[in-house]
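Letter by letter, the chains look like this.
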Amino acid sequence: MTQEDLVRYVLIGAAIVIALLIRLRRIGRWQRLRAGMLWIVPAIFTGLAAMILWQFPPHGLEWLWVAFGLAAGGFFGWQRGRLVEIRVDPGSGLLLQRNSPTAFLFLGLLIVVRWALHGAVGLADARWHLGAMLVSDIFIAFATGVLVAYRLELYLRARRLPESREGR
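It should be emphasised that the depicted structure is a prediction, and the values quoted were computed from it without experimental measurement. (Residues numbered from 1 in each chain as written. Predicted model: local features only at pLDDT ≥ 70, side-chain atom pairs only at ≥ 80, totals over all residues. Heavy atoms only, no water.)

1. Digging into the UniProt feature "transmembrane region" (unreviewed entry) in the protein chain
The condition that has to hold: UniProt positions are given in the numbering used here, feature names are shortened, and annotations may be inferred rather than shown by experiment. A helix here means a DSSP run of H or I that spans at least four residues, while a strand means a run of E at least two residues long, and both kinds are numbered starting from the N terminus.
UniProt's entry tags residues 6-24, 36-57, 63-81, 102-124 and 130-150 with the feature "transmembrane region" (unreviewed entry), counted in the numbering of this structure. Taken end to end, residues 6-24 has its terminal C-alpha atoms 26 Å apart, with 100% of it in helix and 0% in strand. Taken end to end, residues 36-57 is 73% helix and 0% strand, and its two terminal C-alpha atoms sit 32 Å from one another.

Right under this line is the structure:
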């Protein structure tokens, strides 16, 4: 590992720690949930992912790896969405959400798993001959799956709340 690699890892780690600390401060606070706006971020990210896959498409069986990344991301996103508490404010009828400490730990676990998988896929590249672009495609599909499933889970749960003005 070179000095530049060490500096890069320290900066990335510091950014992740800062982001997690900001999210940690929000745990337990009720925040407004705009169910009608939940589709925007996944739509943008899915569009970007589709553009990348269109420019550098996987070939043949590589699509199975990408599909596995998308499915795994969908599973983890759905689990993360289940950890968010949603309720209707009785006075205003607005949807509110609150992340639990378990959701925070789950997010941290996802970051650790992603880093571990990145290293493992790098080692497996020599054995399974995965290219760098395929590894990137798998991670892009994973992130897309997490975002889409997380937001979809929140939206579906919000729609089931009967007293909500926003859930429809």
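2. Let's talk about the pattern of salt bridges
Note the following rule: Criterion for a salt bridge: a side-chain nitrogen of Lys or Arg within 4 Å of a carboxyl oxygen of Asp or Glu. Type-normalised accessible area, obtained with a 1.4 Å probe on protein chains alone, sets the label of each residue: buried when under 20%, exposed when over 50%, and partly exposed for intermediate values.
Considering all chains together, one arrives at one salt bridge under this definition. When the shortest N-O distance is used, the salt bridge between Arg98 and Glu85 registers 2.8 Å. Here the residue Arg98 occupies a position in strand E3 (residues 95-99), and Glu85 occupies one in strand E2 (residues 84-88), the gap between them amounting to 13 residues. Exposure remark for Arg98: the relative accessible area of 24% places this residue in the partly exposed category. What makes Glu85 partly exposed here is its relative accessible area of 37%.

3. Some thoughts on the packing of helix H3 (residues 62-82) against helix H5 (residues 132-159)
Heads up, the condition is: In this analysis an axis means a line fitted to C-alpha atoms, helices contributing only their contacting stretch, and an angle means the value between N-to-C directions, from 0 to 180 degrees. By definition, turning the near helix anticlockwise from the far helix through less than a right angle yields a left-handed crossing, and turning it clockwise yields a right-handed one. Residues are grouped as follows: nonpolar covers Ala, Val, Leu, Ile, Met, Phe, Trp, Tyr, Cys and Pro; charged covers Asp, Glu, Lys and Arg; every other residue, Gly included, is treated as polar.
Interhelical geometry of H3 versus H5 gives an angle of 35° and a closest axis separation of 6 Å. In this structure, the crossing between H3 and H5 has a hand that is right-handed. The residue makeup of the contact of H3 with H5, split by class, is 14 nonpolar, seven polar and six charged.

4. A look at the sheet that holds strand E1 (residues 31-32)
Selection rule: For two strands to count as paired, DSSP must find a minimum of two bridges between them.
Spatial strand order, E1-E3-E2: three strands in an open sheet with antiparallel pairing. Either end of the sheet is taken by a strand with one partner, and the two such strands are E1 and E2. Two strands pair when backbone bridges link them, and E2 and E3 are joined in this way by five bridges, in the antiparallel orientation. Its bridge partner being in E3, Val84 is matched across the sheet by Asn99.

5. So, helix H2 (residues 40-55)
We count it as follows: Residue count minus one, scaled by 1.5 Å, sets the expected span of a helix. Our arc is simply the arc of the directions from the helix axis toward the C-beta atoms. Pairs of residues are marked as contacts when any of their non-hydrogen atoms sit within 4.5 Å.
Between its terminal C-alpha atoms H2 stretches 23 Å, which fits the 22 Å expected from 16 residues at 1.5 Å a residue. Within the span of H2, buried status applies to Pro42, Ala49 and Leu53. When H2 is viewed along its axis, its buried side chains cluster within an angular range of 35° and face the same direction. Seen from the open side of H2, the exposed residues pointing more than 90 degrees away from its buried face are Ile44, Met51, Trp54 and Gln55. Close packing links the buried residues of H2 with H3 and H5.

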